[in-house]
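The chain contents come next:
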Amino acid sequence: MLGFVTKFAIKPHLLNVIRRNLRTGLTGTEECSAPVSHGLVLGVYADENNHDDDGLLTPAAVRYNEGYTNGQLLHLLRIGGAMPKRGECRVFYALDKTYSAVAVCGLGSECLGYNQYEVVDEGKEAIRMAAAAGVRKLQEIETSKIYVEGFGHAESAAEGAAMGVWINQEFKEQKSQLPIPQIEMWAERGVDIDWDGWKIGLQKAHAQNLARQLQETPANMMTPTLFAQNIVEVLCMSGVNVEVKVRSWAESQKMNAYLAVAKGSCEPPIFLELSYFGTHHSERPIVLIGQGNTFDSGGLCKKTNAELRDMRGDMTGAASVVAACKACAALKLPVNIRALIPLCEHIIGCNAMKPGDIVTAMNGKTIEVESADNEATLILADALCYAETFGPKFIVDIGTMSHSVLDAVGPTATGIFTNSEELWQQVKTASIHTGDRVWRLPLWKYYTDQVTSSEKVDVQNVGCPGGGEPSKFAAFLREFVPCGKWMHMDAHNVMTTDGQDFPYLRLGMAGRPTRTLIEFIAQTVCREKVASNGRNAAQC
């Protein structure tokens, strides 16, 4: 086995990009080049349906208003007209000698909380929006250090602030880049401080920003080999072990479905195996699988130019899994994780797989390639078979499988398919907490029949016509899942954001569902502790 593991010479330019983002866009710790200026982000509650509402400052804002400005902040807010709505803010300058600018951001009604119809905690989302809006306003005026209050939920405040300042600007000349400010929690006497929540929120935001950075990197700078090189560097000091396995290893494992996708490109396929041990090595691991198409041309069933525009992000599954592993290690979660990332390019070439080809997967099942543009199922099939090696507690795979998920639910929620009601309830609960929603789609026998009804092969990668592609593709994957609990996450529709659906994310790649995946794993650990200690969930 070790003969298939290889080491690379690291490319310094791209690593500098990743390192710089780990210092700035990911952690918010690099100082602006301008003279140090301090800013502060505070909140105000107001009924958005009542324009005459005078507003109610958060406890932290009350402390600042009375202790630093002698009531001047609230007075200026009220004479300025209606209070800022959710996602809006006003900036005040030179109110005191400590902070050059103070952004007061709208949080909506003080009574916002879990909305069972929207399946989201609107209060936490309002905090993320407020924190992001505030830090961006102060970032625009090149404030070098920004203090953010906890808004009653420090974890959400940290997430909104850290994700809000992140920008994809690595390929702009330095003088044209918007400086990234240092973000810190405002710790003031008399104000409740949740340092643990703040640190957890930062780690989750850092992870999602890392996924965004990987997604945004153009395909010529993020080939399978370059992806592997940089992931080794990013994870080498984090407590996550990385094994880099090459084509000959995949051939020895008879991963013919995965290798068929990679045949058309001159870039060799790379299979990454990540290991994190947060508890005793004898504990069965969670297995995460991330689809790693560093570019998807559609193969011989080629995509249009419009469809190709975002295909550098077809490795969303891989990016999310890498980022989640790094966060789990940083948070020291007591869980064992094995992550499998099959990397390749799906390119039109002289040796590219053809519609009508038949390949044999690792578990011996034959697959007819009806469409070369449906390659994600082939990549994940062999990785699912290989997952059995580790005797997993359960398996979660993430891929960008079908555009039809976007047609079904838009960019609002990651599609979930699972054979376990327990996993569904856990990931749903996690998504309510993160605001990055999920939605369960059917995995009925009907869809299995659609992909297994051929008389000449075991499985087809498209199946019978008539729609239902996301469910058919999930049914295809289930044919390669070892016995046990399994969940498939289709992230095609959440790969990008227009900057409106999630105001704390800028236009571009979204890094979803990274935070939901991290929270899902953390809640899994919590549930196991509850079961072993005989406590109820509220005590965990």
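Anyway, here's the lowdown on the structure attached to this text. (Residues numbered from 1 in each chain as written. Predicted model: local features only at pLDDT ≥ 70, side-chain atom pairs only at ≥ 80, totals over all residues. Heavy atoms only, no water.)

Attention now goes to the side chain of Glu188. Mapped onto the elements of the fold, Glu188 is located in the loop between β8 (182-185) and α6 (195-216). On the accessibility criterion, Glu188 (15% relative accessible area) is buried. A distance of 3.4 Å separates polar atoms of two side chains, one belonging to Glu188 and the other to Arg63. Side chain to side chain, Glu188 and Tyr68 meet in a polar contact 3.1 Å long. Ignoring sequence-local partners within four residues, the contact set of Glu188 consists of Arg63, Tyr68 and Ile193. (Helix = DSSP H or I, 4+ residues; strand = E, 2+ residues; numbered from the N terminus. Buried < 20%, exposed > 50% of the residue type's maximum accessible area, 1.4 Å probe, protein only. Polar contact = N/O pair within 3.5 Å; in protein donor to acceptor, adjacent residues only side chain to side chain. Contact = heavy atoms within 4.5 Å.)

When you line up the elements, Lys303 lands in the loop between β12 (292-296) and α10 (305-308). The residues touching Lys303, leaving out its near neighbours within four places in the chain, are Asp296, Ser297, Gly298, Leu308, Met311 and Asp373.

Turning next to the nonpolar core. Ranked by size, the top nonpolar core spans 54 residues in total, and within it Phe227, Leu272, Leu274, Leu288, Val396, Phe520 and Ile521 carry the most contacts. Per-element tally for this core: the top contributor is helix α11 (residues 316-330), with ten residues. Sequence-distant contacts of Phe227, defined by excluding residues within four places in its chain, comprise Met222, Leu272, Met315, Ala318, Val322 and Leu343. Core analysis: the next-biggest nonpolar cluster, separate from the first, contains 47 residues, Ile367, Ile395, Leu443 and Val451 among them. (Core = buried A, V, L, I, M, F, W, Y, C linked by side-chain atoms within 4.5 Å.)

Glancing now at the sheet that holds strand β15 (residues 366-368). Taking strand neighbours across the sheet as the criterion, the three strands line up as β14-β15-β19 in an open arrangement whose pairing is mixed. Whereas interior strands pair on both sides, the edge strands pair on one side only; in this sheet they are β14 (358-360) and β19 (459-460). Across three bridges, the pairing between β14 and β15 is antiparallel. Residue pairing in the sheet places Val359 in a bridge with Ile367 of β15. (Pairing = 2+ DSSP bridges.)

This next bit is on the pattern of salt bridges. Taken as a whole, this structure holds 25 salt bridges when the rule is applied. Between Arg128 and Glu159 there is a salt bridge, and its shortest N-O distance comes to 2.7 Å. Of this pair, Arg128 sits in helix α4 (residues 122-140) while Glu159 sits in helix α5 (residues 154-165), and the two are 31 residues apart along the sequence. The pair formed by Arg128 and Glu159 is uniform in burial state, with each residue classed as buried. Ionic pairing is found between Arg338 and Glu273, a salt bridge with its closest N-O pair at 3.2 Å. A residue pair is termed long-range when its members are at least 10 positions apart, and Arg338 in strand β13 (residues 336-346) and Glu273 in strand β10 (residues 270-277) qualify at 65 residues. Each of the two residues, Arg338 as well as Glu273, counts as buried. The structure contains a network of salt bridges with shared partners spanning Glu125, Arg128, Glu159 and Arg515. (Salt bridge = Lys/Arg side-chain N within 4 Å of Asp/Glu carboxyl O.)

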